[in-house]
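In case you want the letters, here they are:
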Amino acid sequence: MSNNAESWNQPNVVSFFDTNRATTSDIYPSEWFFLKEQLKEGMSILDIGCAQGGFAGMIAEHLNDFTYTGVDISEEMISKAKEKYPQHNFHIVKENDYSKVTGKYDVSLVLGILHLHETWRNTIQIAWNHTKSSLILDLREVFEETVEDKKKSYFKMDINGSNDDYSEVLPYNLINSGEALEIVNSICTGAEKISFYGYSQDPAKTAVTPTNKIFASVYLAQKGR
Ligand SMILES: C[S@@+](CC[C@H](N)C(=O)[O-])C[C@H]1O[C@@H](n2cnc3c(N)ncnc32)[C@H](O)[C@@H]1O
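The structure presented is a predicted model; accordingly, all values stated were derived computationally and were not measured.

**Side note on the nonpolar core**
Among the nonpolar cores identified, the biggest contains 45 residues, and Trp8, Ile48, Leu135 and Leu137 are the most heavily contacted of them. Setting aside residues up to four positions removed in sequence, Leu135 forms contacts with Ser108, Val110, Ile124, Ala127, Trp128, Cys188, Tyr219, Leu220 and Ala221. Judged by nonpolar contacts, the second largest core, of 24 residues, contains Ile27, Leu63, Ile78 and Leu220.

In structure tokens, the structure reads:
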């Protein structure tokens, strides 16, 4: 079992989220494309891989009344999230144990994490199980064959540009576009509609990949009413 939590607990990684991914201006256009339509007063949100709970801050710029539950494998991230947003709910989870996630949420978010861990299919399944209405997630895609081998495609944990120790690396999963849709469709059983939107871009600066162009896709899976 990998210990990705330790990678995300590193002080330079945690401190990146002190100020980044915290306001609406930090939301990527592909994320906002779907999220803006889902925001409704009184809604409940589950955010898997919430880091310091940045989406609670972003959503608060648009809604007065919502509940937000954030879960993350990094205790350091969750500790800061609790300090920043004491009115919301935060839980530390393990990659193989999401039992602290209970109930159903109008909207579930799984953003910026699926391409960076091995058990990502299970994470989508957990999110879908706890979704009442809409699940928003993102993947990194290629038109070539899928690469889920950390030796061939990986992410150096230098997120804040101050880490020389690359001994800790995460996978940088590149999923063939056709397969990606098939995987989302097969996990999100009973979805009434699945939409996706994205764009071609360079891989992350600290990613080492066999390709120099990737497709960053955001998916919206919706349950029938
Ligand atoms: C790149 S950050 C993304 C944060 C936030 N979702 C965003 O989009 O700004 C990835 C976060 O996901 C967490 N994470 C990684 N794998 C996870 C998993 N399997 N379950 C829950 N959280 C995970 C990390 O600890 C980290 O805080």
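**With respect to the packing of aromatic side chains**
Evaluation of the coordinates by the stated rule reveals 8 aromatic pairs. Here the aromatic rings of Phe33 and Tyr197 are separated by 4.0 Å at their centres, their planes lie at 20 degrees, and the arrangement is stacked. A residue pair is termed long-range when its members are at least 10 positions apart, and Phe33 in helix 3 (residues 29–38) and Tyr197 in strand 9 (residues 191–201) qualify at 164 residues. With a relative accessible area of 32%, Tyr197 lands in the partly exposed category.

**What about the pairing of strand 4 (residues 105–110)?**
Counting buried residues along strand 4, 5 of its 6 residues qualify, which places the element largely inside the surrounding structure. Pairing geometry for strand 1 (residues 43–48) and strand 4, over 3 bridges, is parallel. Within the sheet, the bridge partner assigned to Ile45 lies in strand 4 and is Val107. One crossover worth recording links strand 4 to the parallel strand 5 (residues 131–142) by way of helix 6 (residues 120–129), and it is right-handed.

**Things to note about the site of the ligand**
The full set close to the ligand counts 16 residues, and Arg21, Gly49, Asp72, Tyr98 and Leu111 are the nearest of them. One nitrogen or oxygen atom from the side chain of Tyr98 is found 2.7 Å from a nitrogen atom belonging to the ligand. A distance of 3.3 Å separates a nitrogen atom of the ligand from a polar side-chain atom of His117. When isolated, the ligand has an accessible area of 600 Å², and the protein chains bury 96% of it. Taken together, the residues of the shell around the ligand sort by class into 9 nonpolar, 4 polar and 3 charged.

Calculation notes
Just so you know, the residues in each chain are numbered from 1, in the order the chain's sequence is written. In keeping with the predicted nature of the model, local features appear solely for residues at pLDDT of at least 70, side-chain atom pairs appear and are counted solely at 80 or more, and the whole-chain, interface and lining totals rest on all residues. No hydrogens and no water enter the side-chain calculation; it runs on all heavy atoms of the structure. Residue types Ala, Val, Leu, Ile, Met, Phe, Trp, Tyr and Cys, when buried and joined through side-chain atoms within 4.5 Å, form a set referred to as a nonpolar core. Note on exposure labels: buried denotes an accessible area under 20% of the residue type's maximum, exposed denotes more than 50%, and partly exposed covers the range between, all computed with a 1.4 Å probe on protein chains only. The contact criterion used is simple: two residues touch if any of their non-hydrogen atoms lie within 4.5 Å. Pairing of aromatic rings covers Phe, Tyr and Trp, the last counted by its six-membered ring, and requires centre-to-centre distances within 6.5 Å; plane angles under 30 degrees mean stacked, over 60 mean edge-to-face, and any other angle means tilted. In this text, helices come from DSSP runs of H or I with a minimum length of four residues, and strands from runs of E with a minimum of two, each type numbered from the N-terminal end. Here, strands pair whenever DSSP counts at least two bridges between them. If the strands point away from the viewer and the path from the first strand over the helix to the second runs clockwise, then the crossover is right-handed. We call a residue near a given molecule or strand whenever any one of its heavy atoms falls within 4 Å of it. Distance and chemistry together define a polar contact, namely a pair of N or O atoms within 3.5 Å, with one atom able to donate a hydrogen and the other to accept it when in protein, and with adjacent residues in sequence counting only for side-chain atoms on both sides. Areas reported here follow the Shrake-Rupley algorithm with a probe of radius 1.4 Å; residue values treat only the protein chains shown as occluding. As a working rule, the residues Ala, Val, Leu, Ile, Met, Phe, Trp, Tyr, Cys and Pro are called nonpolar, Asp, Glu, Lys and Arg charged, and the rest polar, with Gly in that last group.

Geometry only, nothing functional implied.
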